[in-house]
Amino acid sequence: MKRRWYGAAAAVLALAFGGGLTAQTQEETQRGIEAYRQALQQGNPAELFEAQGEELWKKPMGPRNGTLEQCDLGVGPGKVAGAYARLPRYFADTDKVQDLESRLLTCMERYWGIDVQPVIDAAYTAPAKREIIALTTYVSGESKDVVVDVRPTHPKERAAFELGKRMFFFQGGSHDFSCATCHSEDGKRIRLQDLPNITERKGSALGWGSWPAYRVSAGQMWTMQWRIQDCFRQMRFPEPIYTSEATIALSVYMAATASGETMRTPGIKR
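Note that the coordinates shown come from a computational prediction; the quantities given were computed from them, not determined experimentally.

Conventions and cut-offs
- Residues numbered from 1 in each chain as written.
- Predicted model: local features only at pLDDT ≥ 70, side-chain atom pairs only at ≥ 80, totals over all residues.
- Heavy atoms only, no water.
- Pairing = 2+ DSSP bridges.
- Helix = DSSP H or I, 4+ residues; strand = E, 2+ residues; numbered from the N terminus.
- Axes fitted to C-alpha atoms, helices over the stretch in contact; angles between N-to-C directions.
- Contact = heavy atoms within 4.5 Å.
- Disulfide = S-S within 2.5 Å.
- Salt bridge = Lys/Arg side-chain N within 4 Å of Asp/Glu carboxyl O.
- Core = buried A, V, L, I, M, F, W, Y, C linked by side-chain atoms within 4.5 Å.
- Buried < 20%, exposed > 50% of the residue type's maximum accessible area, 1.4 Å probe, protein only.
- Expected span 1.5 Å × (residues − 1).
- Arc of directions from axis to C-beta.
- Polar contact = N/O pair within 3.5 Å; in protein donor to acceptor, adjacent residues only side chain to side chain.
- Parallel < 35°, antiparallel > 145°, perpendicular 65-115°, else oblique.
- Nonpolar A, V, L, I, M, F, W, Y, C, P; charged D, E, K, R; others polar.
- pLDDT = per-residue confidence, 0-100.
- Phe/Tyr/Trp six-rings, centres within 6.5 Å; stacked < 30°, edge-to-face > 60°.

Engineer: Account for the sheet that holds strand β7 (residues 267-269), naming residues and giving values.
Structural biologist: Spatial ordering of the open sheet is given by β6-β5-β7, a layout of 3 strands whose pairing is mixed. Every interior strand has two partners, whereas the edge strands, β6 (220-222) and β7, have only one. Pairs of neighbouring strands in the sheet enclose a mean axial angle of 30 degrees, with direction left out of account. Along the sheet, helix α10 (residues 224-234) makes contact with β5 (213-215) and β6, crossing β6 at roughly 90 degrees.

Here you go:
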């Protein structure tokens, strides 16, 4: 397996740094990239985070010594199967549109009795974020191969979708970038990473439907909130607040655009 992985990676690197690419070498490069990705799929370390997240879901925690098995992610208290494929959505008990991570914060506060502000404020690599990253990986894994079903019908869901769409195309920052700069055309790629066309259903599913994902190059598990934060960084935008209205709106736009396609979470990236 290691020989196949190194061989595929070496082929890709040799082609990528070999100067201008002809049509033939572009095809060879793409084949090398696909071989590299297939090698990555063997033994996704995300499984370790899933196991940790499942344990946290069922374990009594916090000052209230409660469990998240009472948490309603939109498909009933304690149920996780298929929940991620139906998020973000409006929740009447908070009167908000919430994605998985913001909903988990609500439940951690409600059933564990913890102050979630330190979790919100913490860096993504800080210990305070570890539990929610593991929980997100676990819940998302319970929607693998489930069809995305995010169809904004509530007024607040529709408003979030429209806000997310406007944000997706908004250009700004020192480089006048937007999300659409990288994710509104087919066939774009940065190094070994394809840039899915989020404006279309299949492309949005490739993007939205594969996060959270394990980043091999970083040795870290990234949630969708983390992925959005890093996109803001690369666009030279101010860092968004974790689980803010802005980040959730972008998620609504992506998830609704991907509706009808299949979840492939948790994913694995270079």
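Back to the write-up after that little detour.
Engineer: Help me get a handle on the state of the cysteines, residues and values and all.
Structural biologist: Throughout the structure, instances matching the rule amount to 1 disulfide. Each disulfide pairs two cysteine sulfurs, and for Cys71 the partner residue is Cys107, the sulfurs being separated by 2.1 Å. Between Cys71 and Cys107, the disulfide has an S-S torsion of 70 degrees and is therefore right-handed. In this pair, Cys71 sits in the loop between α3 (46-58) and β1 (89-91) while Cys107 sits in helix α4 (residues 100-112), placing the two residues 36 residues apart along the sequence.

Engineer: Talk me through the pattern of salt bridges; I want residue IDs and the actual numbers.
Structural biologist: A pair can form between side chains of opposite charge whenever their charged atoms are brought close. Considering all chains together, one arrives at 10 salt bridges under this definition. A salt bridge links Asp93 to Arg103, with the nearest nitrogen and oxygen atoms 2.8 Å apart. Placement of the pair is Asp93 in the loop between β1 and β2 (96-98) and Arg103 in helix α4, with a sequence separation of 10 residues. One network of salt bridges, with partners in common, ties together Asp93, Arg103 and Arg110.

Engineer: Can you break down the nonpolar core residue by residue, with the values?
Structural biologist: Soluble globular proteins tend to pack their nonpolar side chains together in the buried interior. The biggest cluster of nonpolar side chains holds 65 residues, and the ones touching the most others in it are Trp57 and Leu73. In terms of residue count, helix α11 (residues 245-258) provides more of this core than any other element does, 8 residues in total. In this structure, Trp57 is in contact with Thr67, Leu68, Glu69, Cys71, Leu73, Gly78, Val80, Leu104, Leu135, Tyr138 and Val139, ignoring residues within four places of it in sequence.

Engineer: Any chance you could break down α3 for me, citing the residues and the numbers?
Structural biologist: Between its first and last C-alpha, α3 extends 19 Å over 13 residues, near the 18 Å set by a 1.5 Å rise per residue. For α3, every residue scored as buried is listed here: Ala46, Gly53, Leu56 and Trp57. End-on, the buried residues of α3 take up no more than an arc of 100 degrees, which puts them together on one face. The exposed residues of α3 that point more than 90 degrees off its buried face are Glu47, Leu48 and Glu55. The elements touched by buried residues of α3 are α4, α6 (130-141), β5 and β6.

Engineer: Could you give an account of the side chain of Arg103, naming the residues involved and the relevant values?
Structural biologist: Since its relative accessible area comes to 2%, Arg103 is described here as buried. Looking at Arg103, its side chain comes within polar contact range of the side chain of Gln98, at 3.0 Å.

Engineer: Any details on the packing of α10 against α11? Residues and values, ideally.
Structural biologist: Packing of α10 against α11 brings their axes to within 10 Å, and their N-to-C directions diverge by 105 degrees. Comparing their axes, α11 and α10 come out roughly perpendicular. Contact residues: Met224, Gln225, Ile228 and Phe232 in α10; Thr247, Ile248, Leu250, Ser251 and Met254 in α11. Grouping the amino acids of the contact of α10 with α11 by side-chain chemistry returns 6 nonpolar, 3 polar and no charged.

Engineer: Account for the confidence of the model for the protein chain, naming residues and giving values.
Structural biologist: Residues shown with low pLDDT carry predicted positions that ought not to be read at fine detail. Residues with a pLDDT of 70 or more make up 84% of the protein chain, whose mean pLDDT is 89. Counting interchain partners and residues more than four positions distant, the pLDDT-below-50 stretch residues 1-20 has 18 contacts.

Engineer: Describe the packing of aromatic side chains, with residues and values.
Structural biologist: Two descriptors summarise a pair of aromatic rings, namely the distance from one centre to the other and the angle between the planes of the rings. One pass over the structure, following the stated rule, counts 11 aromatic pairs. Relative to Tyr138, the ring of Trp57 has its centre 6.3 Å away and its plane inclined at 55 degrees; by these criteria the two rings are tilted. Taken together, the residues span a long stretch of sequence, with Trp57 in helix α3 and Tyr138 in helix α6 at a distance of 81 residues. We note that Trp57, like Tyr138, is buried.

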